[in-house]
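So the chains spell out like this:
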Amino acid sequence: MLSNKLKALACALSFTVAGLVHAADPVTIKFAHVVADNTPKGQGAVLFKKLAEERLPGKVKVEVYPNSSLFGDGKEMEALLLGDVHMLAPSLAKFEHYAKAIQIYDLPFLFDDLAAADRFQSGPQGKALLRAMEDKNITGLAYWHNGMKQLSANKPLREPKDARGLKFRVQASAVLDEQFKAVRANPRKMSFAEVYQGLQTGVVNGTEDTWSNYESQKVHEVQPYMTASDHGLIDYMVITNTRFWKGLPDDVRSELEAIMAEVTVEVNRQADELNQKARQTIAASGKTEIIELTPEQRAQWREAMKPVWKKFESEIGVELIEAAQAANRS
Ligand code: LMR
């Protein structure tokens, strides 16, 4: 009788001890992304890991998986919802299935520069978009900048008519699809990991991306021409699984949020510099001619692509578009 009681007690104790050991295990946060470490997002993920592990020793471990090494485009959102990965930072072009309003960031020639995008993102409408997917169990923690997009192709692109009939790789975005159709080119959705090969083998003839993405993926080796068009934006939303985030101990979550705010300042401070350096590296490689547009040529691209706004106005919302435009004038 006594021995049975003792056994029960020992059993209960062992559960408690196991529970304590378990509670003391660090939370592992897997952070996956598709670009290289030496890009604005790559640097941000590395800094987040460093600060989280320094300031929450024994409580948090962050594993960073760059270059689509854990999950790439197409699979990563599903993996986040299944809990197989805990943080991602997809480009803002990759959320159309989760919140139509986020498509705003793909509208061509919406923001004059990164500073305007920043003003919009830190204003009330931009902040609200971070919460737009919570009903789908996705929480936006921050916006990180990459930079303005540039065109590249196997022929010089100076005027919209130069793009006619060419096949362009686009991110999985209906807006970007329409943007290339507007200049009578043929868009083709392709994941980021496939871009280099797609260009090399001629599956596509051109693309659009930032200088840092071009340089780190060696796109200049397979594209003889790039056009400094600044015609759109590649920025990111750092996201997490809402239930996972809310399930973290309060002290851990609030420290991670403070770290995220600090990392965001640093990423956004460095993003333009990284892109300008990447542009210089590309220019110095001698493999690509970088074409500057005259103001008249740039106006022609704007004119040709602008009708895309109307097509998405009802999905995005007129007021949101107006708020974004106002950020150019602030
Ligand atoms: C792309 O697919 O071109 C970009 O979204 C990649 C990235 O994450 O910068």
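Our structure is the block above this text.
First, a word on what this report is: a plain description of the structure on this page. Just so it is clear, the structure is predicted and the values come from calculations on it, not from any experiment.

## Section: the overall build of the protein
(1) Moving on: Helix and strand counts for the protein come out as 13 helices and 11 strands.
(2) Moving on: Over its C-alpha atoms, taken along the principal directions, the protein stretches across nearly 90 × 45 × 30 Å.
(3) Moving on: Scored against the burial criterion, the 330 residues of the protein give a buried share of 50%.
(4) Moving on: Taking the intrachain contacts of the protein between residues at least 6 apart in sequence as the baseline, contacts between residues at least 24 apart amount to 75%.
(5) Moving on: Here the protein has roughly 15,000 Å² of accessible surface; of this, 53% comes from carbon and sulfur atoms.
(6) Moving on: Across the protein, 41 positive and 43 negative side-chain charges occur, with their mean positions spaced 3 Å apart.

## Some details on the packing of helix 6 (residues 174-182) against helix 12 (residues 307-316)
(1) Moving on: In contact at an axis separation of 9 Å, helix 6 and helix 12 are set at 150 degrees when each is read in the N-to-C sense. Considering the angle they form, helix 6 stands roughly antiparallel to helix 12. Regarding helix 6 and helix 12, the two cross each other, and that crossing is right-handed. Contacts from Ala174, Val175, Glu178, Gln179 and Ala182 of helix 6 reach helix 12 at Val308, Lys311 and Phe312.
(2) Moving on: Of the residues belonging to the contact of helix 6 with helix 12, the class tally is 5 nonpolar, 1 polar and 2 charged.

## Description of the side chain of asparagine 241
(1) Moving on: Along the chain, the position of asparagine 241 falls in strand 10 (residues 233-241).
(2) Moving on: On the basis of relative accessible area, asparagine 241 is assigned to the buried category, the value being 6%.
(3) Moving on: A distance of 2.9 Å separates a polar atom in the side chain of asparagine 241 from the backbone oxygen of leucine 80.

About the criteria used
- Residues numbered from 1 in each chain as written.
- Predicted model: local features only at pLDDT ≥ 70, side-chain atom pairs only at ≥ 80, totals over all residues.
- Heavy atoms only, no water.
- Helix = DSSP H or I, 4+ residues; strand = E, 2+ residues; numbered from the N terminus.
- Buried < 20%, exposed > 50% of the residue type's maximum accessible area, 1.4 Å probe, protein only.
- Contact = heavy atoms within 4.5 Å.
- Areas by Shrake-Rupley, 256 points an atom, 1.4 Å probe, with all protein chains shown as cover.
- Lys, Arg positive; Asp, Glu negative; His and termini not counted.
- Charge placed at Lys NZ, Arg CZ, Asp CG, Glu CD.
- Axes fitted to C-alpha atoms, helices over the stretch in contact; angles between N-to-C directions.
- Parallel < 35°, antiparallel > 145°, perpendicular 65-115°, else oblique.
- Left-handed = near helix turned anticlockwise from the far one by under 90°.
- Nonpolar A, V, L, I, M, F, W, Y, C, P; charged D, E, K, R; others polar.
- Polar contact = N/O pair within 3.5 Å; in protein donor to acceptor, adjacent residues only side chain to side chain.

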